[in-house]
Amino acid sequence: MTELAAVLFDMDGTLVDTEVLWWEATAEIAARIGHRLTDADAPEVVGRAVGDTAAHLVRVTGEPDADGVAADLTAAFQERVDRGAPLRPGADRLLAELTAEGVPFALVSASPRSVVDSVVGGALAHVPFAFTLSADDTVRTKPHPDPYRAAARRFGVPDAACVAVEDSPDGAASADAAGCTVLVVPSMLPVPARPGRIFAETLEQVSVAGLRRYVAGGGEGRAAGDG
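A brief report on the enclosed structure follows.

Rules used throughout
- Residues numbered from 1 in each chain as written.
- Predicted model: local features only at pLDDT ≥ 70, side-chain atom pairs only at ≥ 80, totals over all residues.
- Heavy atoms only, no water.
- Pairing = 2+ DSSP bridges.
- Helix = DSSP H or I, 4+ residues; strand = E, 2+ residues; numbered from the N terminus.
- Buried < 20%, exposed > 50% of the residue type's maximum accessible area, 1.4 Å probe, protein only.
- Core = buried A, V, L, I, M, F, W, Y, C linked by side-chain atoms within 4.5 Å.
- Salt bridge = Lys/Arg side-chain N within 4 Å of Asp/Glu carboxyl O.
- 1 Å grid on protein atoms, 1.4 Å probe; cavity = no way out; pocket = protein on both sides within 12 Å on 5 of 7 lines; lining within 4 Å.
- Points joined across faces, edges and corners; volume = space filled by probe spheres on them.
- Phe/Tyr/Trp six-rings, centres within 6.5 Å; stacked < 30°, edge-to-face > 60°.

Describing the sheet that holds strand β5 (residues 181-184)
Note on sheets: strands pair through backbone hydrogen bonds, and any given pair is parallel or antiparallel. A sheet is described by the order of its strands in space; here six strands give the open sequence β3-β2-β1-β4-β5-β6, paired in parallel fashion. At either margin of the open sheet sits one strand with a lone partner, and together these are β3 (132-133) and β6 (197-199).

Okay, here's the thing in structure tokens:
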């Protein structure tokens, strides 16, 4: 029976309500280069790394400077994050419960290091993460498995003994590919159900006891809480 070894949290849209800030930043830069952002763009924006979204805007506008678009996106997002990012419902309680029960946890984000450090130094300054990983810390970021594999290696534990908490399709795909146990708490985009994924409407429904049962059951179940 597999025991819970560590919890790996996505940041944007999972612990902090920054997905809307990323959308606003992308809309600003898109408008600057002649594109009006709509729901049709969402799969290329929500939960995506800066480079992926920049590449999408380049494709739809013909803007030749992908690096410039990426830099502008990062700056616009950073400006908004620096003003403050509220925590998602239930995040504080779950993080405190993990700390009290001695379950190690880390942050695994597809955001640039500058943004991660801003959030961890601000809204999440009180949270004792074992470590944080950003998009800058692996050769490939989400939806590739590299970030979650790197996190499991840092802890020195099997991937399947880690619960990855995600809110987006790309993030869930990354955790799936790494072999982690996946808990999905959707925010802006729906995430498809697949074998080995468990869903909760908010982190308020999630308990450490539920996470332990979920890992022990090999990812079987319909809720991560006590019910």
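Digging into the environment of P147
Assignment of secondary structure puts P147 in helix α6 (residues 146-155). Looking at P147, the relative accessible area reads 3%, which means it is buried. When the C-alpha atoms of P147 and L4 are compared, they prove to be 19 Å apart, with 143 residues separating the residues in sequence.

Concerning the nonpolar core
If you look at the biggest cluster of nonpolar residues, it comprises 52 residues, and the most contacted ones within it are V7, F9, L15 and L183. Counting residues in hydrophobic clusters, the runner-up holds 19 residues, among them A106, A150, A151 and C162.

Remarks on the pattern of salt bridges
By the definition in use, this model includes 18 salt bridges. With its nearest N and O atoms 3.2 Å apart, the salt bridge here joins R48 to E44. With a shortest N-O distance of 2.6 Å, R113 and D137 are connected by a salt bridge. Note that R113 is positioned in helix α5 (residues 113-120) and D137 in the loop between β3 and α6, a separation of 24 residues in sequence. Counted as one network, the salt bridges with shared partners bring together E24, E28, R32, D72 and R80.

Observations regarding empty space enclosed by the protein
Scanning all chains against the criterion turns up one cavity of 30 Å³ or more. Of the volumes computed, that of the largest cavity is approximately 160 Å³. If you go around the largest cavity, you meet 17 residues; those closest to its centre are D12, G47, R48, A110 and S111.

Some points on the packing of aromatic side chains
This structure, assessed with the given rule, holds four aromatic pairs. For the pair W22 and F77, a centre-to-centre distance of 5.3 Å together with 70° between the ring planes defines the contact as edge-to-face. In this pair, W22 sits in helix α1 (residues 19-32) while F77 sits in helix α3 (residues 66-82), placing the two residues 55 residues apart along the sequence. For W22, a relative accessible area of 5% translates into the label buried. Assessed through its relative accessible area of 2%, F77 is described here as buried. Seen from their ring centres, F131 and F155 are 4.8 Å apart, and the 45° between their planes marks the pair as tilted. In this pair, F131 is assigned in the loop between α5 and β3 and F155 in helix α6, connecting sequence segments 24 residues apart. The buried category is assigned to F131, whose relative accessible area is 9%.

The values are spatial; any link to function lies outside them.
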